Amino acid sequence: MNDKAVAAKQELLKLLDQDYNQTHDQLAHQLSVKPEQIAQWMKELEEDRILVKCQPIINWEKAGLDDVSALIEVRITPQREVGFDAIAARIYRFPEVRSLYLMSGAYDLAVTVEGTNLKEVAQFVSTKLATIDGVVSTTTHFVLKKYKEEGVIIDDEEADRRLLVTP
Amino acid sequence: MNWAERVSPLVRSIPPSGIRRFFDIVAEMKGVISLGVGEPDFVTPWHIRESCVHGLQRGYTSYTSNYGLLELREEITQMIETDYGVSYNPKCEALVTVGVSEALDLAMRAILSPGDEVLVPEPCYVSYKACVTLAGGVPVSVCCTREHEFRVTVDQLAASLTPRTKALLIGYPNNPTGAVMPREQLATIAQFADEHDLIVISDEIYANLTYDGEHTCFSALPGMRDRTILLNGFSKAYAMTGWRIGYALGNEDFIAAMTKIHQFTMLCAPITAQIAAIEALKQGRPSRERMVAEYDKRRRLMVEGFRNMGLDCFEPKGAFYVFPSIQNTGLTSLEFAEKLLQAEKVALVPGDAFGACGEGYVRCSYAASSKNLAEALDRIGRFVKPLLK
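Quick caveat, the model's predicted, so the values are computed rather than measured.

1. Focus on the overall build of chain A
Each helix and strand in chain A was counted, giving five helices and six strands. Taken over C-alpha atoms, the radius of gyration comes to 21 Å for chain A, far larger than the 15 Å a tight globule of 167 residues would show. The principal-axis extents of the C-alpha atoms in chain A amount to approximately 60 × 45 × 25 Å. A burial count over chain A gives 14% of its 167 residues as buried. In chain A, the proportion of contacts linking residues at least 24 apart, taken out of those at least 6 apart, comes to 54%.

2. Looking at unusual backbone geometry
All names here are of chain B. Here the residue pair Tyr172 and Pro173 is connected by a cis peptide bond, since its omega of -5° sits within 30 degrees of zero. For the peptide bond that leads from Asn175 to Pro176, omega is 20°, which places it in the cis range. Topologically, Pro176 is positioned in the loop between strand S5 (165-170) and helix H8 (183-195). Although it is not a glycine, Asp197 sits at a positive phi angle of roughly 50°. Looking at the secondary structure, you find Asp197 in the loop between H8 and strand S6 (199-203).

3. Observations concerning the pairing of strand S3 (residues 109-115) of chain A
All names here are of chain A. Of the pairings in the sheet, the one linking strand S1 (residues 68-76) to S3 comprises seven bridges and is antiparallel in character. Bridging from a neighbouring strand, Leu71 pairs with Thr112 of S3. Bridge analysis of strand S2 (residues 97-102) against S3 gives five bridges, and the strand direction is antiparallel. In the strand pairing of S3, Leu102 is matched with Leu109.

4. Notes on helix H13 (residues 370-388) of chain B
Helix length check: H13(B), at 19 residues, gives a terminal C-alpha distance of 26 Å against a target of 27 Å (1.5 Å per residue), a fit within 8%. Inspection of H13(B) places B:Ser370, B:Leu373, B:Ala374, B:Ala376, B:Leu377, B:Ile380 and B:Val384 among the buried residues, and these make up the whole buried set. Elements that come into contact with the buried residues of H13(B) comprise helix H2 (24-31) of chain A together with strand S1 (33-34), helix H11 (285-309), helix H12 (333-344) and strand S10 (346-347) of chain B. With its phi angle positive at about 55°, B:Lys389 sits one or two positions after the end of H13(B).

5. Some words on the sheet that holds strand S4 (residues 135-142) of chain A
Residues and elements named next belong to chain A. Judged by pairing direction, the sheet is antiparallel, and its four strands sit side by side in the order S2-S3-S1-S4 without closing on themselves. Of all the strands in the sheet, just S2 and S4 have a single pairing partner and so form its edges. Adjacent strand axes in the sheet meet at a mean angle of 20°, parallel and antiparallel pairs treated alike. Two strands pair when backbone bridges link them, and S1 and S4 are joined in this way by seven bridges, in the antiparallel orientation. Bridging from a neighbouring strand, Val74 pairs with Thr138 of S4. Seen against the sheet, helix H4 (residues 85-92) touches S1, S2, S3 and S4 and runs at an angle of roughly 165° to S2. Of the strands in this sheet, S1, S3 and S4 touch helix H5 (residues 118-129), which is tilted by about 20° from S1.

6. Examining the interface of chain A and chain B
On the chain B side, the residues contacting the 15 residues of chain A number 27 residues. Broken down by element, the residue count for the side of chain A that touches chain B peaks at three residues, all from H2(A). Among the residues making up the side of chain A that touches chain B, the classes are represented as five nonpolar, six polar and four charged.

7. A short note on H2(A)
For H2(A), the complete set of buried residues consists of A:Gln26, A:Leu27, A:Ala28, A:His29 and A:Gln30. Residue A:Ser32 follows H2(A) closely and has a positive phi angle near 55°.

8. Focus: the packing of H2(A) against H11(B)
It is the contact of H2(A) with H11(B), at a shortest axis distance of 7 Å, that shows an interaxial angle of 110°. One element, H2(A), and the other, H11(B), form an angle in the roughly perpendicular class. Where H2(A) crosses over H11(B), the two elements pack in a sense that is right-handed. Listed contacts from H11(B) to A:Gln26, A:His29 and A:Gln30 of H2(A) are B:Lys297, B:Arg298, B:Arg300, B:Leu301, B:Glu304 and B:Gly305. Looking at the contact of H2(A) with H11(B) residue by residue, the classes come out as one nonpolar, four polar and four charged.

9. Regarding the sheet that holds strand S12 (residues 362-365) of chain B
Residues and elements named next belong to chain B. Strand order in this open sheet of three strands is S9-S12-S11, and the pairing throughout is antiparallel. A single partner strand is all that each edge strand has here, and the edge strands are strand S9 (321-322) and strand S11 (349-350). Here S9 pairs with S12 via two bridges, running antiparallel. Counted as the bridge partner of Val322 is Cys364 from S12.

10. Considerations on the domain arrangement of chain B
Residues and elements named next belong to chain B. By the assigned domains, chain B splits into domain 1 (3-43 + 286-384) and domain 2 (46-283). In this complex, domain 1 contributes 34 residues to the contact, which on the side of domain 2 involves 33 residues. Of all the secondary structure elements, the ones that give two or more residues to the side of domain 1 that touches domain 2 are helix H1 (9-13), H11 and S9. The element that contributes the greatest number of residues to the side of domain 1 that touches domain 2 is H11, accounting for six residues. Taken together, the residues of the side of domain 1 that touches domain 2 sort by class into 20 nonpolar, eight polar and six charged.

11. Concerning the environment of B:Leu267
Residues and elements named next belong to chain B. Secondary-structure assignment places Leu267 in the loop between helix H9 (252-265) and helix H10 (271-283). With 11 C-beta atoms counted inside 10 Å, the residue Leu267 sits in the exposed group. Spatially, the C-alpha atom of Leu267 lies 5.6 Å from that of Asn66, the residues being 201 residues apart in sequence. In this structure, Leu267 is in contact with Tyr63 and Asn66, ignoring residues within four places of it in sequence.

12. Thoughts on the nonpolar core
Counting 125 residues, the largest nonpolar core has B:Ala107, B:Leu231 and B:Ala248 as its most contacted members. Contacts of B:Ala248, omitting those with residues within four sequence positions, involve B:Leu95, B:Thr97, B:Ala103, B:Leu106, B:Ala107, B:Ile229, B:Leu230, B:Leu231, B:Ile255 and B:Met258. A:Ile72, A:Ile87, A:Val113 and A:Leu129 belong to the second largest nonpolar core, which has 13 residues in total.

The rules behind the values
- Residues numbered from 1 in each chain as written.
- Chains lettered and ligands numbered in written order.
- Predicted model: local features only at pLDDT ≥ 70, side-chain atom pairs only at ≥ 80, totals over all residues.
- Helix = DSSP H or I, 4+ residues; strand = E, 2+ residues; numbered from the N terminus.
- Rg over C-alpha atoms; globule rule 2.2 N^0.38 Å.
- Buried ≥ 20, exposed ≤ 12 C-beta atoms within 10 Å, placed from the backbone.
- Contact = placed C-beta atoms within 7 Å.
- Pairing = 2+ DSSP bridges.
- Expected span 1.5 Å × (residues − 1).
- Axes fitted to C-alpha atoms, helices over the stretch in contact; angles between N-to-C directions.
- Nonpolar A, V, L, I, M, F, W, Y, C, P; charged D, E, K, R; others polar.
- Parallel < 35°, antiparallel > 145°, perpendicular 65-115°, else oblique.
- Left-handed = near helix turned anticlockwise from the far one by under 90°.
- Domains from an automatic or database assignment.
- Core = buried A, V, L, I, M, F, W, Y, C linked by C-beta atoms within 7 Å.

Structure follows, in structure tokens:
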């Protein structure tokens, strides 16, 4: 694929990142291409797993669902041949795990886990996570309040304060 | 006692802003999508706001030099030199003002004697003519047409020239049309100004919002530096409208004269805004470019949207307005704007608010979210359809 097409797709992704609920027509106008081209690019991006998934950011606390989430620092012993990846794969397959990153620094894996209550998360860590071969230690930090997620400020939208008509 | 009669006849002679009138109607409605806003929908980038907060914490609350903080003037002149290749002495050829509006007022008062005429190409920003009048001058409207892409031509200027013509007031990229002036065409204006010894006031507040090609700075044209009072500011490019901060650059005599008025009427621009402006110039380019890229996408959305409805829409190359013609709807600009507002709750500004020759057009700002723009286009389309048949 040529550089121009790559750049055009990156522009499309930026638009989707801002607002996924735009029609192909709207996207096409902004990028000066035909709507069919947008459909084609979206298909390709999905097939290549560049456009992985679209999901809303929800303030669950406000919605009345007080789930608990925790950030867990995990230190592991890397395995021959597969390094960190095999253990990572064993961890990320648990549906309780919301995110998993390999980190530089004092620990190896940063795992975000969600559960309906504190006990459930603690249970998961002690029975599922800590017991995996190669896991040396875990340190669990519970989230007290979410201020910002995925680049979005959760509860502090900057309202449009402009007058309705100005010169 | 009729107090109204005690108001200066000069002030009374100025008609109220067409926009103001429309604002009063809109303000009372609910659920309106407004394309009538002449300012960015972004808030000022956080790093700029943060620098102001930091400045306050450190106790920056005093007056500054009448000219403005030297550091800010140095940043301004350096940026203008880097971007356009024209250099000014930050010590005596730069004045920091309370927005371009103040700078415009100062420029007019500094150069005009009673009865002096100023050529004002229209459609244009609402305060141009008023500022000329308040300074004792006489604004002479020069009508720019769709046919010439809303650019003023030398022939038009020549036709309006009289022995009293002292200055020319231009604003490109233009509010409300989005027109820009390519270098070659500006050069013909420059030659005209030179031949007739005119002072040129060039309001370039939308310079950074130029989408196709490069903006040409008028004072960077050969021989124009000393003849030009260059006005610019932070409102549009850095989303800083409410900070009220702008500047004027020009030869030492003009700037000294303007500063004389400024020191007696304003003293200095607010120090808080000056500190934020320094941050904007030092670190603000990436956020500025992000905003401009965003406007550019919306611009295309708007132009296509209006054309698809069957309205003639000039492609704007700068600022954040489209200026579609509504002539084939059979309505006047004001009728169109009022009826659209009643029927579909979309606010835009009648073109004649920007000068008589804006009649037949409406100004739509695309400084609004893509979502609101798409919704507004749907509503306008629904409104326009039965009118076109």
